[in-house]
Amino acid sequence: APKPSVINMARQFLGEWAALEFDDNGVPTHSSEEQKRTESEVAPFLKQERSISLLKAAHAKYLRAGLAGLSQRFEHLDASRPWLIYWILHSMDLLGMEITPEETASCIDTLRRCQSPSGGFGGNIGQLPHLAPTYAAVNAIAILGTQEAYEVIDRPGLYRFLDSLRQPDGSFIMHYDGEVDVRGVYCAVSAATLAGVIDDALFAGTPTWLASCQTYEGGFAAVPGTEAHGGYGFCAFAACVQLRADHLIRKDALLRWAAMRQMRFEGGFQGRTHKLVDGCYSFWMGGLFPLLHYSMACDDPSRELLAKIGPGWLFDTEALRDYVLFCCQDPKGGLIDKPGKKPDYYHTCYCLSGIASAQYFAAQDPHALINSLRPTDPIHNVSMIKTRRMKDFFSGRPL
């Protein structure tokens, strides 16, 4: 049987939630006051003595409406059209929703028009190609999963675009004359892998640069010498695993840092030390654990380590599930950062992705769970069957 939740055991046997509340040791700060306020807002949701299910029908309605068209209040996301398509399609796919031929055709048309003549994808039609929307566009194409969708990608142009952003030290800038950070590497590695354009020359020196971004805490910063952050940690380590360079990483330190980001009261994750819980880190932090589990298992052919770990992802999956289901679901559809926030497609995508990652581990049958979702590929965050299908399609095809 799965191990009981450490956090829920504490809630049960300590008999009171106060034991899990943040203690500022009599030295209040702005951060500590924000943490206490967040705990007070979360507590009524978590203390409910009832079960709760994933509101699949409500979320499905919310997602389908977004794919049909967005209101003027989304104007600030004008440069994020491939992202919106990806967030919505991936959420639909995780929920097991069918993407209609009409929806598929509409998405393909939009993504085709967001592709730059010079290669790569921009955030909207006619905009500068950028690694972030390129990653989102390629992932969306993988989810659509048709030959017509795959053939949207100008693969020679994509390779030239990626190569033009590579720096002498193996890092990548996000766009022409843009900033360097580990997100760029991850987006480039993921897109190149799915589109079948990856080679050694494109990522020469990249593993060493990624390793240099690991901080004294164990996490990863955007660039060497800055603060560790959950999103950067996932991007850096996922890229290392994909490049078969995870041996360069201090994995014990990364595991400790990641595990310490789970909030003992709320059950969800924060992205940095002394920051607040946020539903999106259900994936950006929670998604690290399957990768660490896989990497550490490869280092342990005798499986002694796995035997000690038991059936889990090295964090409290039950507590994370409770945070997402009780605190992050809008009854009308969509998921949120934390109580008091409004639903959006970004948090819907990454809350669901975090739950999907947490459900699929050894000795547990996800199909027996009432809240089960489709498994997501731990590197690309696209369902596993879709990533395999796209890689098979491009395998062996010349540029």
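Just so it is clear, the model here is predicted, and its values are computed rather than measured. (Residues numbered from 1 in each chain as written. Predicted model: local features only at pLDDT ≥ 70, side-chain atom pairs only at ≥ 80, totals over all residues. Heavy atoms only, no water.)

Points about the overall build of the protein chain
Helix and strand counts for the protein chain stand at 18 helices and 0 strands. Computed over C-alpha atoms, the radius of gyration of the protein chain comes to 21 Å, within 12% of the 21 Å expected from 2.2 N^0.38 for 399 residues, which places it in the range of a compact globule. Overall, the C-alpha framework of the protein chain stretches about 60 × 45 × 45 Å when taken along its three principal axes. Burial analysis of the protein chain (399 residues in total) assigns 58% to the buried set. When the accessible surface of the protein chain is summed, it comes to about 17,500 Å², and 54% of that surface belongs to carbon and sulfur atoms. Distance between charge centres in the protein chain, computed from 38 positive and 44 negative side chains, equals 3 Å. (Helix = DSSP H or I, 4+ residues; strand = E, 2+ residues; numbered from the N terminus. Rg over C-alpha atoms; globule rule 2.2 N^0.38 Å. Buried < 20%, exposed > 50% of the residue type's maximum accessible area, 1.4 Å probe, protein only. Areas by Shrake-Rupley, 256 points an atom, 1.4 Å probe, with all protein chains shown as cover. Lys, Arg positive; Asp, Glu negative; His and termini not counted. Charge placed at Lys NZ, Arg CZ, Asp CG, Glu CD.)

Brief notes about the nonpolar core
With 122 residues, the main nonpolar core has Y86, L89, L131, I141, L162, Y350 and M390 as its most contacted residues. Ranked by residue count, the leading element in this core is helix α6 (residues 131-144), at 11 residues. Look past the residues within four positions of Y86 in its chain and what remains in contact with it is Y135, A136, N139, A140, I143, C349, Y350, H380, N381 and V382. (Core = buried A, V, L, I, M, F, W, Y, C linked by side-chain atoms within 4.5 Å. Contact = heavy atoms within 4.5 Å.)

What to know about unusual backbone geometry
The phi torsion at N25 lies on the positive side, around 55°, for a residue other than glycine. Tracing the backbone shows N25 in the loop between α1 (6-14) and α2 (30-46). Judged by its relative accessible area of 64%, N25 is exposed. The backbone of N381 sits at a positive phi, close to 55°, despite the residue not being glycine. Residue position: N381 is located in the loop between α17 (345-359) and α18 (384-394). By relative accessible area, which is 0% here, N381 ends up buried.

Side note on helix α5 (residues 101-114)
For α5, built from 14 residues, the straight-helix expectation of 20 Å at 1.5 Å per residue is met to within 8% by its first-to-last C-alpha distance of 20 Å. Along α5, the residues that are buried comprise E103, T104, C107, I108, T110, L111 and C114. What you see down the axis of α5 is that its buried residues fit within an arc of 170°, all on one side. Turned more than 90 degrees away from the buried face of α5 sit P101 and E102, all of them exposed. Where α5 is buried, its residues contact α3 (56-68), α4 (81-94), α6 and α7 (147-150). (Expected span 1.5 Å × (residues − 1). Arc of directions from axis to C-beta.)

Some remarks on the side chain of N381
Of note is the side chain of N381, whose polar atom sits 3.2 Å from the side chain of S353. If near-sequence neighbours (up to four positions away) are discounted, N381 is found in contact with Y86, H90, Y135, N139, F283, Y350, S353 and T376. (Polar contact = N/O pair within 3.5 Å; in protein donor to acceptor, adjacent residues only side chain to side chain.)

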